[in-house]
Amino acid sequence: MNKPIFVTQPHLSPLKDFIPYLEQIWENKILTNNGPFHQKLESALCEYLGVEHLALFTNATIALVTSLQALRITGEVITTPYSFVATAHSLLWNNLKPVFVDIDPETFNLDPEKIEAAITPQTSAILPVHCYGNPCAVERIQHIADTYGLKVIYDAAHAFGVQYKGESLLKHGDLSVLSFHATKVFNTFEGGAIICPDAKTKQRIDYLKNFGFANEVTVTAPGINGKMSEINAAFGLLQLKHVDGAIARRCEIQTRYREGLSNVRGIIIPENSINATNNASYFPILVGIDCSISRDELYDALKSAGINGRRYFYPLISDMPMYKNLPSADKLNLQNAREASSQVICLPIYPQLTDEDVLRVCETIQKLTASR
Ligand code: T4K
């Protein structure tokens, strides 16, 4: 049996290089609450990402929950069913009603053509996802938001480092939320961040992530504990030194997959956006109806061969028990999302994946799809 390959494996900087950071933490005994590494990582990420204000978080889910609080979002929020469940859960944690809108089958992102029909007097925001790091239709979404007076919060969990038309994608919308989870392009074990447009908004977010404290005796809002610890922040500073190499290797792997799978009948490889850089955070393929084997048969057969892809995103969020009775969860409303969700497999992609591993994945798919 070949060694198992997983959909991802965290990129880890050399352990010996992390020791001096730990020694510093032990020396100064500041473990959390906006310590020196936290401050340094916020500045370093602003510079790396090309944004002006960024607030670190313990993870992206708490950052999403806090973003909605920060902008005082009420009522209904338009969002996508084709995402990780945290996107919609952040709405329920704020007592907001998700309104699902279908995706564009080319980009896997909210279809801007379908957003307006879902707006009601209760709508106060749009929560799109830059799925797999592909930019949403940011200009059209902003136009709709401006027309109807809505806020836009991007779930940019997959979009670390993506440049859109020569500028950071994270500058679009009122806020953007990144994830630094172990499985992401840039990881701090667990972690996340909110990118915000101005210092005043960052200050409100910083209060909210620290229980609402403005100072020792003033609590401005019912905040939460969303702070990133010094260990995570220090690790992030070290990781940042290696992230360009990690993304470059991901892109190489992506190119090898494209070459290796280009002639497999029934396997569709989605195109990357032409207006944006690509961080190769995921490598989705679609198993089309003309493939000799179904998506789930291929998924299971790959698993038996030790190749553990993942069906990101199946099932759709709108099919989960806490969402399925919403009017917008109606199957007829979400046909593109449903089709993508029934066809997708994300193949293994991470910097340490070898060329031999990629070849093995491609050859296994070629064999499995040819053998019926
Ligand atoms: N919005 C979007 C659009 C998201 O995709 C996510 C998270 C969020 C918001 C929320 O972000 P965070 O609150 O997490 O910061 C994983 C991740 O847990 C999740 O962060 C991610 N999206 C989602 C797409 O994938 P699972 O349940 O698939 O993870 P898991 O534990 O099965 O890991 C997948 C594979 O990765 C494993 O088979 C092996 C490998 N792995 C994983 C971990 C955690 C490792 O090798 N080492 C590890 O430490 O959700």
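One can find the structure itself at the top, above this paragraph.
Please read these numbers as outputs of a predicted model, since none were measured by experiment.

(A) Spotlight on the sheet that holds strand β14 (residues 283–287). Strand order across the open sheet formed by 3 strands is β13-β14-β16, with antiparallel pairing between neighbours. The sheet terminates laterally at β13 (267–268) and β16 (344–347), the two strands that pair on one side only. By the bridge criterion, 4 bridges tie β14 to β16 in an arrangement that is antiparallel. Pairing of P284 across the sheet is with C346, part of β16. Strand contacts of helix α10 (residues 335–343): β14 and β16, with the helix running at about 50 degrees to β16, the strand carrying the most contacts.

(B) Representation of the packing of helix α9 (residues 295–304) against helix α11 (residues 355–370) within the structure. Taken N-terminus to C-terminus, the directions of α9 and α11 make an angle of 130 degrees; their axes are 11 Å apart at the nearest point. The angle between the axes of α9 and α11 places the two elements in the oblique class. Between α9 and α11 lies a crossing whose hand is right-handed. Counting all contacts with α9, which are made through L298, A301 and L302, the residues of α11 involved are T364, I365 and L368. Taken together, the residues of the contact of α9 with α11 sort by class into 5 nonpolar, 1 polar and no charged.

(C) A look at unusual backbone geometry. A cis amide bond links Y312 to the next residue, F313, at an omega of 20 degrees. Summarising the element assignment, F313 is placed in the loop between β15 (307–308) and α10. Cis geometry marks the peptide bond from Y314 to P315, where omega comes out at -5 degrees. Phi is positive for N34, close to 60 degrees, though the residue is something other than glycine. Its location among the elements puts N34 in the loop between α1 (15–28) and α2 (36–49). According to the relative accessible area criterion, N34 is partly exposed, its value standing at 43%. One non-glycine residue, K165, lies in positive phi territory at about 45 degrees. Relative to the helices and strands, K165 resides in the loop between β7 (163–164) and β8 (167–168).

(D) Broad picture of the side chain of T369. By the secondary structure assignment, T369 is in helix α11. One polar contact links the side chain of T369 to the main-chain carbonyl oxygen of I365, over a distance of 2.8 Å. Residue contacts for T369: discarding those within four places in its chain leaves V264, I267, C291, S292 and I293.

(E) Fine view of the packing of aromatic side chains. Under the definition given, this model contains 19 aromatic pairs. Seen from their ring centres, F160 and F186 are 4.8 Å apart, and the 10 degrees between their planes marks the pair as stacked. Here F160, found in the loop between β6 (151–155) and β7, pairs with F186, found in the loop between β9 (175–179) and β10 (192–196); they are 26 residues apart in sequence, far enough to count as distant. Aromatic side chains F180 and F186 sit 5.0 Å apart centroid to centroid with 85 degrees between the ring planes, which places their arrangement in the edge-to-face category. The same class applies to F180 and to F186, which are both buried. Site record: aromatic cluster; members linked through ring pairs are Y82, F108, Y132, Y282, Y312 and F313. Sitting over the ring of F57, K209 keeps its end group 5.5 Å from the ring centre. Over the face of the ring belonging to Y314 we find R295, whose NZ or CZ atom lies 4.8 Å from the ring centre.

Thresholds applied
- Residues numbered from 1 in each chain as written.
- Predicted model: local features only at pLDDT ≥ 70, side-chain atom pairs only at ≥ 80, totals over all residues.
- Heavy atoms only, no water.
- Pairing = 2+ DSSP bridges.
- Helix = DSSP H or I, 4+ residues; strand = E, 2+ residues; numbered from the N terminus.
- Contact = heavy atoms within 4.5 Å.
- Axes fitted to C-alpha atoms, helices over the stretch in contact; angles between N-to-C directions.
- Parallel < 35°, antiparallel > 145°, perpendicular 65-115°, else oblique.
- Left-handed = near helix turned anticlockwise from the far one by under 90°.
- Nonpolar A, V, L, I, M, F, W, Y, C, P; charged D, E, K, R; others polar.
- Buried < 20%, exposed > 50% of the residue type's maximum accessible area, 1.4 Å probe, protein only.
- Polar contact = N/O pair within 3.5 Å; in protein donor to acceptor, adjacent residues only side chain to side chain.
- Phe/Tyr/Trp six-rings, centres within 6.5 Å; stacked < 30°, edge-to-face > 60°.
- Lys NZ or Arg CZ within 6 Å of the ring centre and 35° of its normal.

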